[in-house]
Amino acid sequence: MITVNGQTEELSQALSVLSYLTQKNYPTTRIAVEKNGVIVPKSQYESTMITDGDRLEIVTFVGGG
């Protein structure tokens, strides 16, 4: 089980951050991901794995004025 933005989710297998974002239809631009309190650089989305017990915070930036 993982926690994403305060909500728990079942995780059937370890996934990369990029795979998770793609499966959940998050845009990969204008987004920030924090895993267990540490910001994940975009360059590491594909190599950073999400496993049972991880906590993610995903923030999408919105433009406006």
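For the structure, see preceding data.
J.: In this structure, what is going on with the pairing of strand E4 (residues 31–35)? I would like to understand it.
T.: Remember that side chains alternate between the two faces of the sheet whenever the strand is regular. A large share of E4 lies buried, amounting to 4 of its 5 residues. Where E4 and strand E7 (residues 55–60) come together, 5 bridges link them in antiparallel fashion. Bridged to alanine 32 within E7 is valine 59. In terms of strand pairing, E4 meets strand E5 (residues 38–40) through 3 bridges, oriented antiparallel. Looking across to E5, one finds that lysine 35 is bridged to valine 38.

J.: Even after reading the chapter, I still don't get the nonpolar core, so can you show me in this structure?
T.: Nonpolar side chains tend to gather and get buried jointly when the protein is soluble and globular. Counting residues in hydrophobic clusters, the biggest one holds 14 residues, and the most contacted among them are Tyr20, Leu21, Val33, Tyr45, Ile50 and Ile58. Among the elements that line this core, the one with the most residues is helix H1 (residues 17–23), at 3 residues. Excluding its chain neighbours within four sequence positions, the residues that come into contact with tyrosine 20 are Ile2, Val4, Glu9, Leu15, Tyr26, Ile50, Leu56 and Ile58.

Basis of the calculations
- Residues numbered from 1 in each chain as written.
- Predicted model: local features only at pLDDT ≥ 70, side-chain atom pairs only at ≥ 80, totals over all residues.
- Heavy atoms only, no water.
- Buried < 20%, exposed > 50% of the residue type's maximum accessible area, 1.4 Å probe, protein only.
- Helix = DSSP H or I, 4+ residues; strand = E, 2+ residues; numbered from the N terminus.
- Pairing = 2+ DSSP bridges.
- Core = buried A, V, L, I, M, F, W, Y, C linked by side-chain atoms within 4.5 Å.
- Contact = heavy atoms within 4.5 Å.

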